[in-house]
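The residues making up each chain are set out below.
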Amino acid sequence: MQLSVVILNYNVCHFLELCLRSVEAALVHLDAEIIVVDNLSQDDSCIMVKRQFPKVKLIENSENYGFSKGNNIGVAQAKGNYICILNPDTVVAEDTFERLLKFSEAKKNSGIVGCRLIDGQGRFLPESKRHIPKPLVAVKKMLGISKPYYVSHLDDKSIGQVSVLVGAFMLLPKAVYDQVNGFDEDYFMYGEDIDLSYKVTQAGYTNLYNGEITAIHYKGESTLKDKTYAKRFYGAMQIFYNKHFKSNIIFDILVWLGIKIMPLIKGDTKNKKQRIDAYKLVSSEMIMPLKKVLAQDITLQSHFNSYENNTEYILDNNQFSFKSIIQILSDRPKNCSATFKILPKNSNFILGSNDSKSRGEVITFKNN
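Everything quoted here is computed from the prediction, not taken from an experiment. (Residues numbered from 1 in each chain as written. Predicted model: local features only at pLDDT ≥ 70, side-chain atom pairs only at ≥ 80, totals over all residues. Heavy atoms only, no water.)

*Asks:* How would you explain the packing of aromatic side chains if you had to name every residue and give the values?
*Replies:* The relation between two aromatic rings is expressed through the spacing of the ring centres and the mutual angle of the planes. Summed over the entire model, instances satisfying the criterion amount to twelve aromatic pairs. Judged by centre distance (5.8 Å) and plane angle (80°), the rings of Tyr-177 and Phe-183 are edge-to-face. Since its relative accessible area comes to 3%, Tyr-177 is described here as buried. Centroid distance Phe-304 to Phe-340: 6.5 Å. Interplanar angle 50°. Geometry classified as tilted. (Phe/Tyr/Trp six-rings, centres within 6.5 Å; stacked < 30°, edge-to-face > 60°. Buried < 20%, exposed > 50% of the residue type's maximum accessible area, 1.4 Å probe, protein only.)

Right under this line is the structure:
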């Protein structure tokens, strides 16, 4: 088998459904499998997978094991020569895996391969390519100074070697994953992708970023907003430094101070709700139940031909491929306030996200 796609899910049923539809479309020409590991979701995620995706291997955990252990459970049952660790709030193009497998196989000593991730408005997510967070860099990141944390010298649409790739999308040979013992289960949330990236490079492999391939990641990395995030990020960095670097008391002091003063500096950074003046359904026919749910009228248009400010475009997956949807989002002009939602095939909901600091919005409707 060529590839095993491992998706760890926790309470994101609708995003998981959209993700699985895109992944299935991307595996048509590959000998591959999809493994969904559910960390005791309280929503209908498992019911949905069983009903709508009977070919998917579903592992239902008896408790929430966190990111590292949850993914390790899935990889342990993977049969593919390659594995892809994929978040459930992602959307991939139909040729994503074929292109990345070919790319990885052509590179000597290839380790983890990542791609260009964008948020629900098409904006590039800088966590797609990162440096190893040395202590001072980590402290600056905690205080909101993020530039040294990311690989800024490499254009987001370029190809190059990077140290750290994001856990939302990691493709690598299963043999390499097994060699470095996968994700370190001392991490529950945050830092596990940094640790795995570092272990892979220390084992002599090269981590690569391919910015010519783009995927959507709805929940991008949030800016640091409160003490809870600060403590979690700090805790993950502490584990990382204790495992791979010498103890650094200066770092401990600086981070402790950062946790104390950060809320005073940052304050509350809640995003303002995006203003929407008009909805446009880009489809071959009007969907009347959806029209009834939305508070405003919907204009039907058969083709996507422009980006208008304060307009929300509902892109019908029955008409648009996932690749073309990703391209439409990616091409949105920087100064344009247009937003997007996707209507998946054979579904009764639309979803999208207007920023990279929140999970996004799901709007359901009843089919006739």
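*Asks:* Describe the nonpolar core, listing the residues and the values that go with them.
*Replies:* If you look at soluble globular proteins, the nonpolar side chains tend to sit buried side by side. Judged by nonpolar contacts, the single largest core of 36 residues is most densely connected at Leu-3, Ile-7, Val-23, Phe-97 and Phe-169. Among the elements that make up this core, the one with the highest residue count is helix H1 (residues 13-26) (six residues). (Core = buried A, V, L, I, M, F, W, Y, C linked by side-chain atoms within 4.5 Å. Helix = DSSP H or I, 4+ residues; strand = E, 2+ residues; numbered from the N terminus.)

*Asks:* Can you explain helix H3 (residues 66-76)? Please cite residues and give values.
*Replies:* In terms of burial, H3 is largely enclosed, as eight of its eleven residues are buried. Where H3 is concerned, the buried positions are Gly-66, Phe-67, Ser-68, Gly-70, Asn-71, Asn-72, Gly-74 and Val-75. As for H3, its buried residues are in contact with strand S1 (3-9), strand S2 (32-38), strand S3 (57-60), strand S4 (82-86), helix H6 (174-179) and helix H7 (192-202). (Contact = heavy atoms within 4.5 Å.)

*Asks:* So what about the environment of Asn-61? Which residues, and what values?
*Replies:* Structurally, the position occupied by Asn-61 is in the loop between S3 and H3. The buried category is assigned to Asn-61, whose relative accessible area is 9%. Distance in space between the C-alpha atoms of Asn-61 and Asp-38 is 5.9 Å, their sequence separation being 23 residues. Engagement of the side chain of Asn-61 in a polar contact is seen with the side chain of Asn-39, the distance being 2.9 Å. (Polar contact = N/O pair within 3.5 Å; in protein donor to acceptor, adjacent residues only side chain to side chain.)

*Asks:* Tell me what's going on with a nonpolar patch on the surface, and back it up with residues and numbers.
*Replies:* Together, Ile-249, Ile-250 and Ile-253 make up a nonpolar patch on the protein surface, roughly 320 Å² of accessible area in all. Mapped onto the fold, Ile-253 is located in helix H9 (residues 249-266). A relative accessible area of 47% means that Ile-253 is categorised as partly exposed. (Patch = residues over 30% accessible without salt bridge, like charges linked within 9 Å, V, L, I, M, F, W, Y side chains within 5 Å. Areas by Shrake-Rupley, 256 points an atom, 1.4 Å probe, with all protein chains shown as cover. Salt bridge = Lys/Arg side-chain N within 4 Å of Asp/Glu carboxyl O.)

*Asks:* Tell me what's going on with the packing of H1 against helix H2 (residues 45-52), and back it up with residues and numbers.
*Replies:* Across the interface, H1 lies against H2 with an axial gap of 9 Å and an inter-helix angle of 30°. With respect to H2, the axis of H1 lies roughly parallel. Once H1 is placed against H2, the crossing between them reads as right-handed. In this structure, H1 uses Cys-13, Leu-16, Glu-17, Leu-20 and Arg-21 to contact H2, whose residues at the interface are Ser-45, Met-48, Val-49 and Gln-52. Of the residues contributing to the contact of H1 with H2, the split by class is five nonpolar, two polar and two charged. (Axes fitted to C-alpha atoms, helices over the stretch in contact; angles between N-to-C directions. Parallel < 35°, antiparallel > 145°, perpendicular 65-115°, else oblique. Left-handed = near helix turned anticlockwise from the far one by under 90°. Nonpolar A, V, L, I, M, F, W, Y, C, P; charged D, E, K, R; others polar.)

*Asks:* Got a sec to walk through the pattern of salt bridges? Specific residues and values, please.
*Replies:* Here the structure, examined in full by the defined rule, presents 15 salt bridges. Between Arg-275 and Asp-277 there is a salt bridge, and its shortest N-O distance comes to 2.8 Å. With a relative accessible area of 52%, Arg-275 lands in the exposed category. Residue classification places Asp-277 among the partly exposed positions, given a relative accessible area of 44%. Here Lys-280 and Glu-308 are joined by a salt bridge, their closest N and O atoms 2.9 Å apart. Placement of Lys-280 in strand S10 (residues 278-282) and of Glu-308 in the loop between strand S11 (298-301) and strand S12 (311-316) is noted, with a sequence separation of 28 residues between them. The partly exposed category is assigned to Glu-308, whose relative accessible area is 33%.

*Asks:* Got a sec to walk through the pairing of strand S14 (residues 349-352)? Specific residues and values, please.
*Replies:* Here S14 shows two buried faces, one formed by Phe-349 and Leu-351 and the other by Ile-350 and Gly-352. Of the strand pairs in this sheet, S14 and strand S15 (residues 361-364) are connected by four bridges, and their pairing is antiparallel. Its bridge partner being in S15, Gly-352 is matched across the sheet by Glu-361. (Pairing = 2+ DSSP bridges.)

*Asks:* Which residues make up the side chain of Asn-9, and what values do they have?
*Replies:* Looking at the secondary structure, you find Asn-9 in strand S1. Using a relative accessible area of 0% as the deciding quantity, one classes Asn-9 as buried. A distance of 3.3 Å separates a polar atom in the side chain of Asn-9 from a polar atom in the side chain of Ser-41. In this view, Asn-9 contacts Leu-16, Val-36, Val-37, Asp-38, Asn-39, Ser-41, Ser-45 and Pro-88; residues no more than four positions away in its chain are not counted.

*Asks:* Any chance you could break down the environment of Ala-78 for me, citing the residues and the numbers?
*Replies:* The topology assignment puts Ala-78 in the loop between H3 and S4. On the accessibility criterion, Ala-78 (11% relative accessible area) is buried. In contact with Ala-78, not counting residues within four places along its chain, are Ser-4, Glu-33, Ile-35, Ile-83 and Lys-174.

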